[in-house]
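# Descriptive analysis of the structure
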Amino acid sequence: MSRLSKLLLLALFAALVLAACGDSGTTETTDAPAPTGIPAATTEAPTTEPPTTGPPTTDASTDFSAAQTLFDQSLQGCDPTYFDGSTTDPTVGGGFTEEVSPGVYRYVDAEGTELLVDVNAGVVTGPDGPEGHIGQFYSFWCPPEVFVGTVLEGENGDDGFAQAAEFFFTKALPACNAYSLEIDGTEPFDGSADDPTVGGEFTEEMDSGHPGRPPLYLFVDSAGTELLVDVAGEIVTGIDGEEGAMPRPYAFWCSPEVFVGTLDE
């Protein structure tokens with residue numbers, strides 16, 4: 001066999017061996033699709049918003065409508081002489097300031113008196129609740145089953161009866177002019193220099209004679225005429241009480257239902 005034939009046989013043999021065993025030195029790559037549903041390792045975790053809470057019940061958006069309705073309805077049971085919508089009405093210019101607890105609202109009137117309007121219980125009290133003091137106007141001239149509390153004491157330990165007596169008297173006097181007709185174009189209680197109440201004053205607190213009843217207050221007008229102002233009874237009498245004489249000019253000009261007494265001869 002020639003040399004060339006041997007080389008051809010060796011080359012053929014090598015080719016057959018490679019075909020039978022495969023090329024172990026290389027690997028084929030495929031473009032297989034990436035699995036789905038699994039986030040990449042570099043994906044950031046989702047953020048969670050913190051839970052929110054409701055606004056405080058004492059903020060400026062508090063709804064006072066229920067408290068205002070109850071307060072308005074409660075005032076209808078008070079004496080209209082004092083809660084008449086005039087400039088002397090302590091509720092004119094007052095308003096609610098905050099909800100101090102669920103259903104309980106603070107109200108401050110035009111005189112600075114604080115009240116708590118309790119929508120839950122349907123009552124009005126002083127700032128310390130049913131067991132505390134309540135302003136004198138509300139304790140004297142409003143129903144006690146709605147306006148609950150004891151009489152408000154003053155800074156000097158004096159109770160509010162003296163102020164209430166003066167307030168009652170100044171409200172009762174204008175009604176005197178309305179009760180009678182003018183005489184010669186004049187009225188005795190018009191605030192002029194001829195008005196006997198101008199310059200008058202309350203001078204003394206007197207025992208009412210009834211245990212637990214507020215005292216009487218002695219008023220002496222500029223002419224020296226003496227009157228007794230009974231806050232609890234909402235009447236004015238002469239110095240001898242309801243059975244005594246009502247002095248002039250009160251006897252002629254004022255309502256006998258308020259200025260009580262026999263005709264001064």
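These remarks concern the structure in this document.

How each quantity is defined
- Residues numbered from 1 in each chain as written.
- Predicted model: local features only at pLDDT ≥ 70, side-chain atom pairs only at ≥ 80, totals over all residues.
- Heavy atoms only, no water.
- Helix = DSSP H or I, 4+ residues; strand = E, 2+ residues; numbered from the N terminus.
- Buried < 20%, exposed > 50% of the residue type's maximum accessible area, 1.4 Å probe, protein only.
- Contact = heavy atoms within 4.5 Å.
- Areas by Shrake-Rupley, 256 points an atom, 1.4 Å probe, with all protein chains shown as cover.
- Pairing = 2+ DSSP bridges.
- Axes fitted to C-alpha atoms, helices over the stretch in contact; angles between N-to-C directions.
- Salt bridge = Lys/Arg side-chain N within 4 Å of Asp/Glu carboxyl O.
- 1 Å grid on protein atoms, 1.4 Å probe; cavity = no way out; pocket = protein on both sides within 12 Å on 5 of 7 lines; lining within 4 Å.
- Points joined across faces, edges and corners; volume = space filled by probe spheres on them.
- Nonpolar A, V, L, I, M, F, W, Y, C, P; charged D, E, K, R; others polar.
- Core = buried A, V, L, I, M, F, W, Y, C linked by side-chain atoms within 4.5 Å.
- Disulfide = S-S within 2.5 Å.

As a further point, take the overall build of the protein. Helix and strand content of the protein: 5 helices and 14 strands. With 265 residues in all, the protein has 33% of them scored as buried. Counting only contacts in the protein whose residues sit at least 6 apart along the sequence, the fraction spanning at least 24 positions is 38%. When the accessible surface of the protein is split by element, carbon and sulfur atoms take 54% of a total near 16,900 Å².

The next subject is the sheet that holds strand β1 (residues 95–101). Sheet architecture is open: 5 strands sit in the order β1-β2-β3-β4-β6, paired in mixed fashion. The open sheet is flanked by β1 and β6 (147–148), the only strands paired with a single partner. Against the sheet, helix α2 (residues 65–75) touches β1, β2 (104–108), β3 (114–118), β4 (123–125) and β6, its axis set at about 105 degrees to β3.

Further remarks concern the pattern of salt bridges. With the rule as written, the count across this model stands at 2 salt bridges. The shortest N-O distance in the salt bridge between E98 and R106 comes to 2.3 Å. For E98, a relative accessible area of 27% corresponds to the partly exposed category. Salt-bridge contacts for R106 lead to E114; the nearest nitrogen and oxygen are separated by 3.4 Å. Take E114: its relative accessible area is 33%, and that puts it in the partly exposed class. Several salt bridges share partner residues, and in doing so they unite E98, R106 and E114 into one network.

Moving on: the layout of surface pockets. By volume, the second largest pocket amounts to about 210 Å³. Lining of the second largest pocket is provided by 13 residues; of these, S208, L216, D230, G241 and E242 occupy positions nearest its centre. For the lining of the second largest pocket, the secondary-structure elements that each account for two or more residues are β10 (226–230) and β11 (235–237). Residue composition of the lining of the second largest pocket, by class: 5 nonpolar, 4 polar and 4 charged.

Looking now at the nonpolar core. Counting residues in hydrophobic clusters, the biggest one holds 41 residues, and the most contacted among them are F71, F83, W141, F147 and F259. Every element with two or more residues in this core is listed here: α2, β2, β3, α3 (136–141), α4 (161–179), β9 (216–220), β10 and α5 (250–253). In terms of residues, this core owes the most to one element, α4, which gives 8 residues. If sequence neighbours within four positions are ignored, F147 has contacts with F71, S74, L75, C78, V124, I134, Y138 and C142.

Right, let's talk about the sheet that holds β10 for a bit. Within the open sheet, the 5 strands sit side by side as β8-β9-β10-β11-β13. Their pairing is mixed. Sheet topology places β8 (201–206) and β13 (259–260) at the edges, where each strand pairs with a single neighbour. Two strands pair when backbone bridges link them, and β8 and β9 are joined in this way by 5 bridges, in the antiparallel orientation. Opposite E205, over in β9, you have Y217 as the bridge partner.

Take the pairing of β9 next. In terms of residue burial, β9 counts as a mostly covered element, since 4 of its 5 residues are buried. Two successive antiparallel strands, β9 and β10, enclose a turn made up of 5 residues, where G224 displays a positive phi of approximately 90 degrees.

For the structure shown, the criterion picks out 2 disulfides. Between the sulfur of C78 and that of C142 lies a disulfide, 2.1 Å long from S to S. Taking the sign of the S-S torsion, 110 degrees for the link of C78 and C142, the bridge is right-handed. Note that C78 is positioned in the loop between α2 and β1 and C142 in the loop between α3 and β6, a separation of 64 residues in sequence. Of the two residues, C78 and C142, both sit in the buried class. Through a disulfide, C176 is tied to C254; the S-S separation comes to 2.1 Å. The sign of the S-S torsion, about 105 degrees, decides the handedness of the disulfide formed by C176 and C254: right-handed. Here the residue C176 occupies a position in helix α4, and C254 occupies one in the loop between α5 and β13, the gap between them amounting to 78 residues. Disulfide connectivity for the protein, with bonded cysteines indexed by sequence position, reads 1-2, 3-4.

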